[in-house]
Amino acid sequence: MGNLDIEIYMTNFKGFFDKNPEQLKQLIGNIDSDKFFDGVREIVEFNSEDDEKPLEPTRKQLIDLIVKLNGNKKGVDKVMPHMQHHMGLICMN
């Protein structure tokens, strides 16, 4: 695939988030959007090298990019909703 395909994809990708900034905020949180879009471009360029692979990033590629931009934090703290009851603390799982 050529450079034109990458430019068209990136224009459409950024255009969607320009029209829906709340969706971008939900996706990337406090990450700098320019760094996110640069990372997406790198993924798209990587995917374009293989003709059998779709151009757009996979879900795993996007998740890996977001984790990388967040500082490669290992593990996620689980937040368990609890309720104080007269018999003690109860997990609302």
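Residues numbered from 1 in each chain as written. Predicted model: local features only at pLDDT ≥ 70, side-chain atom pairs only at ≥ 80, totals over all residues. Heavy atoms only, no water.

Visitor: Describe the overall build of the protein, listing the residues and the values that go with them.
Guide: Counting its secondary structure elements, the protein contains four helices and two strands. Mapped from its N terminus to its C terminus, the protein presents α and β elements in the order α-α-α-α-β-β. The burial tally for the protein puts 24% of its 93 residues in the buried class. The long-range share in the protein, meaning contacts at least 24 apart out of those at least 6 apart in sequence, stands at 44%. About 7400 Å² of surface is accessible on the protein, with carbon and sulfur atoms providing 53% of the total. (Helix = DSSP H or I, 4+ residues; strand = E, 2+ residues; numbered from the N terminus. Buried < 20%, exposed > 50% of the residue type's maximum accessible area, 1.4 Å probe, protein only. Contact = heavy atoms within 4.5 Å. Areas by Shrake-Rupley, 256 points an atom, 1.4 Å probe, with all protein chains shown as cover.)

Visitor: Just give me the short version of the environment of Ile63, but keep the residues and values in it.
Guide: Along the polypeptide, Ile63 turns up in helix α4 (residues 59-69). Separated by 35 residues in the primary sequence, Ile63 and Ile28 have C-alpha atoms spaced 9.5 Å apart.

Visitor: Give me the lowdown on the nonpolar core, citing residues and values where you can.
Guide: Ranked by size, the top nonpolar core spans 17 residues in total, and within it Phe13, Phe36, Val40 and Val44 carry the most contacts. For Val44, the residues in contact, after removing those within four places along its chain, are Ile6, Tyr9, Met10, Leu55 and Pro57. (Core = buried A, V, L, I, M, F, W, Y, C linked by side-chain atoms within 4.5 Å.)

Visitor: For the packing of aromatic side chains, give the residues involved together with the corresponding values.
Guide: Within the structure shown, the criterion is met by seven aromatic pairs. Seen in terms of ring centroids, Phe16 and Phe17 are 5.1 Å apart; in terms of plane orientation they differ by 75°. Their pairing is edge-to-face. For Phe16, a relative accessible area of 42% gives the class partly exposed. Connected via pairs of aromatic rings, a cluster forms that spans Tyr9, Phe13, Phe16, Phe17, Phe36 and Phe37. (Phe/Tyr/Trp six-rings, centres within 6.5 Å; stacked < 30°, edge-to-face > 60°.)

Visitor: Describe the packing of helix α1 (residues 3-19) against helix α2 (residues 21-28), listing the residues and the values that go with them.
Guide: Where α1 meets α2, the axes come as close as 5 Å, and the angle between the chain directions of the two elements is 105°. In terms of orientation, α1 and α2 fall into the roughly perpendicular class. Together, Phe16, Phe17, Asp18 and Lys19 of α1 and Pro21, Gln23, Leu24 and Leu27 of α2 make up the contact between the two elements. Grouping the constituent residues of the contact of α1 with α2 by class yields five nonpolar, one polar and two charged. (Axes fitted to C-alpha atoms, helices over the stretch in contact; angles between N-to-C directions. Parallel < 35°, antiparallel > 145°, perpendicular 65-115°, else oblique. Nonpolar A, V, L, I, M, F, W, Y, C, P; charged D, E, K, R; others polar.)

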